Amino acid sequence: MTSQDVRKQFLDFFASKGHLIVPSAPIVLKDDPTLMFNNSGMAQFKEYFLGNATPKSNRIADTQKCLRVSGKHNDLEDVGFDTYHHTMFEMLGNWSFGDYFKKEAINWAWQLLTEVYKIPKENLYVSVFEGNPEENVPFDQEAWDIWKGLIDEDRIILGNKKDNFWEMGDQGPCGPCSEIHVDLRPEAEKLQVSGKSLVNNDHPQVVEIWNNVFMEFNRKADGSLEKLPAQHVDTGMGFERLCMALQGKTSNYDTDVFTPLIQKVEQITGLKYTSNEVLNISEEQNKTNIAIRVVVDHVRAVAFAIADGQLPSNTGAGYVIRRILRRAIRYGFTFLNTKEPFINQLVVVLANQMGEFFPEIKSQQQLVTNVIREEEASFLRTLDQGLQLLENVVADTKGSTVSGTKAFELYDTFGFPIDLTALILREKGFELDEAGFNAAMQEQKARSRAASEVSTEDWSVLIPGNVETFVGYDQSESDVKITRIRKVDSKKDGVLYQIVLDNTPFYPEGGGQVGDKGTLVSANETIEIIDTKKENNLILHFTKKLPENVNTGFIAKVNQDLRSLSSRNHSATHLMHQALRSILGTHVEQKGSLVNPNYLRFDFSHFAKMTETELQQVEDFVNARIQEQLPLIERRNIPFAQAVSEGAMALFGEKYGDEVRAIKFGESMELCGGIHVKNTAEIWHFKIVSEGAVAAGIRRIEAITSDAVKAHFASYENTLNEVKIALKNPQDILKALHSMQEENAKLAKQIETLVKDKVKNLKANLIAEIQEINGIQFLAKQVDLNPEGAKDLAYELGNLGNNLFLVLATADEEKPMLTCYVSKELVAEKNLNAGQVVRELGKFIQGGGGGQPFFATAGGKNIAGIQGALEKAAEFVK
């Protein structure tokens, strides 16, 4: 049975049981600040469990892309070393929101596994929750009794809180669960050791494949449990492990989920992967196997994250994606001998494999390939740089142990992997101070944790059962009541309060647009709202203090000035998107945006830097639409399929419901939930201020509108006036500037000629000062030249013979510089290296540098150290 068949049979089975089949949510979460990535099948349904929204069906099934590489669920360091952990995996799930419960969930799970998939019953074990008296949660007798009617009692295992009580986090919905485990060992092993004793003991062939969670409780901030108003079912089955069981394998990587990717790696590298069936493999082959597993696992995680809108970067979710990819590159570099980008070549295999169920990987295939290729090339350059820096660390090390703090600096500042550092040091006969490295790492983690630590209290519900209404499209003020409040304390922001209103005109951050600010006004006081966000379908208003009377009525007032500026920038992004597709081509797709009152930022797919002409054309296009005074045509709550069929653009990486809001200005039509101008004339004027690269195939434009354009032009006018004054108020400013440039060019040529003459004169004088030390022609001297002149002089003197060791010092414009020239013959015969020389001597001038073995330079900031550096130079030839 192929993996595609396995997936299809699961979805077909639950469709036959009345479940609505929904697509996977994006792996990157944009509307849940509590999670960086979708790390479980239930993440996209949290709002239903919390009672903040109503699902379109009480029975749902899907296959969800999940990523577990950060926070509580973090499998990254296990990946590659075993055969069943992954960074990205598929979670097959069926859900009941207050509909069926334990009886149906357990019976259907058993029916699917044993009757449809035909897994032998004697290979299966199940577990139920043993209870927890401390929390007043009893033994799950109901689940035990249901299982007792399906499976021998000696195959039912009691599980503790760690294994059989599932929680989404420190707070929130939770409940007992019933896991199903499969024993894939050979019969001979089963006869020797019972599979029951191996359940939940990390045996690679006795693994959990399905977890049925019975959501009955809500975990409060103080750790106590309260009953949920409704009982829910949340199940998750590991697709990759299920394929392993159904395809008769003992490793996920031996299934057709991974074998096409492995075969591609074998083809690229010329190395072979050995399946889990092969025993007694060599240590070298084991390293190859681990590296290949790392590569084929990680490319899936990275490719799908990019396809869902998360580009690699140096912060947040982007940093995690970059770290996963760099781990794969590093394993390829060290163990597969890949010194050129190669992981990008696997994307086409992935797209062909998974494109039917996950069309985004097919539609974004070229972008994903380009981004991964560029990231690979960049990190391989970093590895080269890191190798050179590690050489410096080794050269400065006294004894045989390299400082863990220095190794951490390489890791933290330059991204050089610590395991590669340790490997290289062992090869050179050095040891790594691992305790020092770990201490530095723990310090950084502690700082990071402290900076991001957030303490969130439980909601205090003032008006129960109320569903909040957003009225901000039509109003900027509204009479409101507070329905719930809670306190949030963080190192970053201090103590803040989150307020939920029965209705609100405040737009919550989303779709690139920042959240509204404003005030809550009562008869006695005014409370400032400093931000608005959305979490689990609740609109949260952030304040620094609570009203004295939270039960009174308020007027919620949006800061209309800030909102108006944001709306102009937001509408301008729509017009610019249209302009880019019109001028550059329909390959242009939005890949991200930021809209705030000050400016707009727009990321889009395009393969080349835009020309000045193209940028001007985009400006002209948008300003023409502004001049046309196009009215906003807004359509709310129209079916998604209808909106798209009528030409509305669905934006990259966004999650849309069945009903959407379409925004139209002339021929521009997009699905968008943001705040917009009523007429394009309100934008006043559009001006691009920058265009540049974000990643391979992704460009970024920053632009301004309205008041910011007025300020921009006023600033330019002021600068022009200052230039005019500096030029003594010429009638023709351009003519005066050109005249000055011509005069400067003439002077530069004269200086160049004078420096060359000076070099020749100095050369004649310095020849007489060259000493012979141990058969080497040696000179260390400070000269009155600029750095370029010193370089010319060094080469002039170097041409005189084949055994010159030269150090020249300059102090041009009070900046000390050391220049070292070593004849190539001396480099080969005496093992002298100009780069090492300047790194050592650079300490005297409080600087450093490098270069080639025969020529190198070092800059610094301590002129007084020049003499000491020149005196030290002689020691290299003695």
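Everything discussed here concerns the structure shown above.
Let me begin by describing the structure that accompanies this report. Small disclaimer: the values here were computed from a predicted structure and weren't measured. (Residues numbered from 1 in each chain as written. Predicted model: local features only at pLDDT ≥ 70, side-chain atom pairs only at ≥ 80, totals over all residues. Heavy atoms only, no water.)

**A few points about the packing of aromatic side chains**
- The final tally for this structure, using the stated rule, is 30 aromatic pairs.
- An angle of 25° between the planes, with centres 6.1 Å apart, marks the rings of Phe45 and Tyr48 as stacked.
- Judged by relative accessible area, which is 18%, Tyr48 ranks as buried.
- For the pair Tyr795 and Tyr821, a centre-to-centre distance of 5.6 Å together with 75° between the ring planes defines the contact as edge-to-face. Taken together, the residues span a long stretch of sequence, with Tyr795 in helix 22 (residues 787-798) and Tyr821 in strand 36 (residues 817-822) at a distance of 26 residues.
- Taken together through their ring pairs, the aromatic side chains of Phe45, Tyr48, Phe49, Trp95 and Phe97 make up a single cluster.
- For Lys339, the ring lying beneath its charged end belongs to Phe333, and the centroid distance is 4.4 Å. (Phe/Tyr/Trp six-rings, centres within 6.5 Å; stacked < 30°, edge-to-face > 60°. Buried < 20%, exposed > 50% of the residue type's maximum accessible area, 1.4 Å probe, protein only. Helix = DSSP H or I, 4+ residues; strand = E, 2+ residues; numbered from the N terminus. Lys NZ or Arg CZ within 6 Å of the ring centre and 35° of its normal.)

**Re the sheet that holds strand 32 (residues 698-705)**
- Taken together, the 4 strands give an open sheet; going across it, the order is 26-27-32-31, and neighbouring strands pair in antiparallel fashion. Only two strands of the sheet have a single neighbouring strand rather than two, namely strand 26 (590-595) and strand 31 (686-695). Neighbouring strand axes in the sheet, compared pairwise and without regard to direction, differ in orientation by 15° on average.
- In this sheet, strand 32 lies alongside strand 27 (residues 600-605) in antiparallel orientation, the contact comprising 6 bridges. The partner of Phe602 across the bridge, within strand 32, is Ile701.
- Of the strands in this sheet, strand 31 and strand 32 touch helix 20 (residues 706-726), which is tilted by about 85° from strand 32. (Pairing = 2+ DSSP bridges. Axes fitted to C-alpha atoms, helices over the stretch in contact; angles between N-to-C directions. Contact = heavy atoms within 4.5 Å.)

**Quick look at the sheet that holds strand 38 (residues 855-859)**
- Spatially, 33-34-35-36-38-37 is the arrangement adopted by the 6 strands of the open sheet, whose pairing is mixed. Of all strands in the sheet, those bounded by a partner on one side alone are strand 33 (771-773) and strand 37 (848-851). This sheet shows a mean twist of 20° between the axes of neighbouring strands, independent of strand direction.
- As paired strands, strand 35 (residues 804-810) and strand 36 are joined by 6 bridges and run antiparallel to one another. Each residue of the ladder has a partner; that of Thr810, found in strand 36, is Met817.

**Brief notes about the pattern of salt bridges**
- Counted by the stated rule, this structure contains 42 salt bridges.
- In this structure, Glu796 engages Lys763 in a salt bridge whose closest nitrogen and oxygen atoms are separated by 3.2 Å. Residue Glu796 is found in helix 22, and its partner Lys763 is found in helix 21 (residues 733-767); the two are separated by 33 residues along the sequence.
- Take Lys763: its relative accessible area is 21%, and that puts it in the partly exposed class.
- Overlapping salt bridges bring together Lys102, Asp140, Glu142, Glu216 and Lys227 as one network. (Salt bridge = Lys/Arg side-chain N within 4 Å of Asp/Glu carboxyl O.)

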